[in-house]
Amino acid sequence: MHDELVHPAPDDEHARIAAETFRMLSDATRVKILWALFQGESSVNALAELVGAAPTAVSQHLAKLRLAGLVESRRQGTFAYYWATDTHVHRLLAEALSHAEHITGAAPAGAPHNYRAIGADRDG
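Procedures and definitions
Residues numbered from 1 in each chain as written. Predicted model: local features only at pLDDT ≥ 70, side-chain atom pairs only at ≥ 80, totals over all residues. Heavy atoms only, no water. Core = buried A, V, L, I, M, F, W, Y, C linked by side-chain atoms within 4.5 Å. Buried < 20%, exposed > 50% of the residue type's maximum accessible area, 1.4 Å probe, protein only. Helix = DSSP H or I, 4+ residues; strand = E, 2+ residues; numbered from the N terminus. Lys, Arg positive; Asp, Glu negative; His and termini not counted. Salt bridge = Lys/Arg side-chain N within 4 Å of Asp/Glu carboxyl O. Polar contact = N/O pair within 3.5 Å; in protein donor to acceptor, adjacent residues only side chain to side chain. Contact = heavy atoms within 4.5 Å. Pairing = 2+ DSSP bridges.

With an unreviewed UniProt entry as reference, the protein is termed ArsR/SmtB family transcription factor, source organism Kocuria oceani.

This is the structure in structure tokens:
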């Protein structure tokens, strides 16, 4: 169990932030984009090819993720490169994708998961 007292319910601010995070993860393309960015920095065109979406759509998703503080970017010449920033969201995403593996039967009970957050044992 827990060594410390667990809050019976989150306060309004924490609940709002958690709901906003889930809202950002509620789109399958954004899930793919974020997962790819947790693997490393990428350009819009490379992400578009990787996730199977048009560059304009990927760019729009990245703008939303950037406004939500889940990705950052840098410019190099005419290209923008993006990376994911939040280790908590990385762990949340890894758990959701692992859950999907179990739901679909891709990972039988007790089998290792294909989706793991780097440094998942840290409490960052």
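Text resumes after the structure shown.
**Some remarks on the nonpolar core**
Ranked by internal contacts, the top residues of the largest apolar core, which has 26 residues, are Ile 33, Leu 34, Leu 37, Val 58, Leu 62 and Leu 93. Those elements that provide at least two residues to this core are helix 2 (28-39), helix 3 (44-51), helix 4 (55-67), strand 3 (79-84) and helix 5 (87-104).

**What about the side chain of Arg 30?**
Structurally, Arg 30 can be placed in helix 2. Although buried, Arg 30 forms no salt bridge, and the nearest oppositely charged side chain, Asp 27, lies 4.7 Å from it. From its side chain, Arg 30 meets the backbone oxygen of Met 24 in a polar contact 2.9 Å long. In this structure Arg 30 touches Arg 23, Met 24, His 61, Lys 64 and Leu 65, once residues within four positions along its chain are discounted.

**Here's the deal with the pattern of salt bridges**
In the structure shown here, the tally under the stated rule is two salt bridges. The salt bridge partner of Glu 20 is Arg 23, with a shortest N-O separation of 3.0 Å. Taken together, the residues span about one helical turn, with Glu 20 and Arg 23 both in helix 1 (residues 12-24) at a distance of three residues. Relative accessible area serves as the criterion here: at 29%, Glu 20 is assigned to the partly exposed category. Its relative accessible area of 48% is what places Arg 23 among the partly exposed residues. Where Arg 74 meets Glu 41, a salt bridge forms, and the shortest distance between an N and an O atom there is 2.7 Å. Here Arg 74 is found in strand 2 (residues 71-76), whereas its partner Glu 41 is found in the loop between helix 2 and strand 1 (42-43), with 33 residues between them in sequence. Given a relative accessible area of 31%, Arg 74 falls into the partly exposed group.

**Focus: the sheet that holds strand 3**
Whenever strands of a sheet pair, they do so through backbone hydrogen bonds, lying parallel or antiparallel. A sheet is described by the order of its strands in space; here three strands give the open sequence 1-3-2, paired in antiparallel fashion. Edge positions in the open sheet fall to strand 1 and strand 2, since each of these has one partner strand only. Here strand 2 pairs with strand 3 via six bridges, running antiparallel. Each residue of the ladder has a partner; that of Arg 74, found in strand 3, is Tyr 81.

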